[in-house]
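So the chains spell out like this:
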Amino acid sequence: MQPDQLTASNLSPLTPAYDSILALAPYQTGKPIEELTREYGVSDVVKLASNENPMGCSPRVTLAITEQLGQLSRYPDGNGYYLKQALADFNDVKVEQITLGNGSDDLLDILARSFVGADDAIVYSQYAFVVYSMLAKMQGAMDVEVPAHRFGHDLKAMSQTVQDNPNTKIVFIANPNNPTGTQLEQKELRQFVASVPSSVLVVLDEAYIEYSPESNNRALLDEFDNVIIVRTFSKAYGLAGLRVGYALSSVAVAELLNRIRQPFNVSRVGLAAAAAALADQDFIEKTRQMNDEQMRWLEKQFDTLGLGFVKSHANFIMVEVQVEMEDITAASIHQALLEQGVIVRPLGAYGLPNWLRITVGVAEDNLRLIDTLRSILSED
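Residues numbered from 1 in each chain as written. Predicted model: local features only at pLDDT ≥ 70, side-chain atom pairs only at ≥ 80, totals over all residues. Heavy atoms only, no water.

- As annotated in an unreviewed UniProt entry, the protein carries the name Histidinol-phosphate aminotransferase and is attributed to Psychrobacter pocilloporae.
- Quoted verbatim from the Cofactor (unreviewed entry) field of the UniProt record, the comment on the protein reads "pyridoxal 5'-phosphate".
- According to its UniProt record, the protein has this under Catalytic activity (unreviewed entry): "L-histidinol phosphate + 2-oxoglutarate = 3-(imidazol-4-yl)-2-oxopropyl phosphate + L-glutamate". (UniProt positions renumbered as here; feature names shortened; annotations may be inferred.)

See the structure below:
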């Protein structure tokens, strides 16, 4: 049975759920390499679907993890003292302004559970991270999607939407945005924050900030108590498998978030790895340089292939697969790539059925992608 077919009447009396939960569909993750190998027997797989760092992680992380192996029977520091201190120094904030999470998704969930009730609303942009809508449904709240402008956030329209919905509690803004890669100007974003009531939390999801440091809106924390910045170690830092994220906010907001946060939501290994990763900014600079070079190369290849794309400020690019023949779609191209061992992300769930999101890989991975894509398109 599909999730959208569930109703209270066909659920067991022992499995009650809110109507809004019944309307949810499970989050679709990028297909794992192991699954593709099982399905198609492909051993040489290139995964460009989940925006992971193709360079891996800093060598310092490997050492930090090794040093923790003798302590795995011990609970982690529930307060994350050393990682919080490192993050406070790095971001020029107080330790009391930091909340740690099991990845940034955990923090988004904590925010919704802390501040949003059934009579409230969450506002977000069309083509923004699908989890924002899911969080509203999980809370039984109203999810208000604002039409995008050129695949990005229309902040003027979002400000008006907040004014039209006085029960708005949270506005989620992804910058750079996932999956479109668009970026907001700092001046425009500041004007937006100033335009909404101080009782509305503006959550800036900066999961890809390391790829676009000019998008850093840390200064807004000094001016607005209702701004919360959420970041992750899963992308540029290469720790997706360990799940570590953090939020920067006012001391008052952080104090509330830490009441909801599970006491050991970040593992001992995750804490040590994140602190080591943060200390190696040379690795982040190399990651950013590689991404920039390969992004420019991919853009040229897509131009050559006649494929449209949206200018991206992250480590992925959204590509339009628009072929005159009716039987050639983004879904069919995605499937053909899978069968040849190249994993990308279809965007039908985002209302973008003609588009694919492709992670920027290392040169070898990107060449494999383009050669395979060219072969598929020439066959058709």
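### Considering the pattern of salt bridges
- Throughout the structure, instances matching the rule amount to 13 salt bridges.
- Among the salt bridges present, the one from R259 reaches E255, with a minimum N-O distance of 3.1 Å. Here R259 pairs with E255, and both are found in helix 10 (residues 251-260), just four residues apart, close to one helical turn.
- Beyond isolated ion pairs, a larger network of salt bridges with shared partners links R296, E299 and K311. (Salt bridge = Lys/Arg side-chain N within 4 Å of Asp/Glu carboxyl O. Helix = DSSP H or I, 4+ residues; strand = E, 2+ residues; numbered from the N terminus.)

### Considering the packing of aromatic side chains
- Taken as a whole and judged by the stated rule, the model has 10 aromatic pairs.
- Considering the side-chain rings of F129 and Y132, the 5.7 Å spacing of their centres and the 85° angle between planes classify their relative orientation as edge-to-face. Comparing F129 with Y132, the two get one shared label, buried.
- Here Y208 and F316 contribute two aromatic rings whose centre-to-centre distance is 5.1 Å and whose plane-to-plane angle is 75°, an arrangement assigned as edge-to-face. Here F316 lies in strand 10 (residues 316-320) and Y208 lies in the loop between strand 6 (201-205) and helix 9 (220-223), a separation of 108 residues in the sequence. Here Y208 and F316 have matching classes, each one buried.
- These aromatic residues form a ring-pair network of at least three members: Y127, F151 and W355. (Phe/Tyr/Trp six-rings, centres within 6.5 Å; stacked < 30°, edge-to-face > 60°. Buried < 20%, exposed > 50% of the residue type's maximum accessible area, 1.4 Å probe, protein only.)

### Brief notes about the sheet that holds strand 6
- Reading across the sheet, the seven strands line up as 2-8-7-6-5-3-4 and stay open at both edges, with mixed pairing between neighbours. The open sheet has two edge strands with one neighbour each: strand 2 (98-101) and strand 4 (142-146). Looking at each pair of strands side by side, their axes are set apart by 20° on average, direction ignored.
- Of the strand pairs in this sheet, strand 3 (residues 121-125) and strand 5 (residues 168-174) are connected by three bridges, and their pairing is parallel. Bridge pairing in strand 5 links V123 to V171.
- Sheet strands in contact with helix 4 (residues 81-91) are strand 2, strand 7 (227-232) and strand 8 (245-248), and its direction is about 125° off that of strand 2. (Pairing = 2+ DSSP bridges. Axes fitted to C-alpha atoms, helices over the stretch in contact; angles between N-to-C directions. Contact = heavy atoms within 4.5 Å.)

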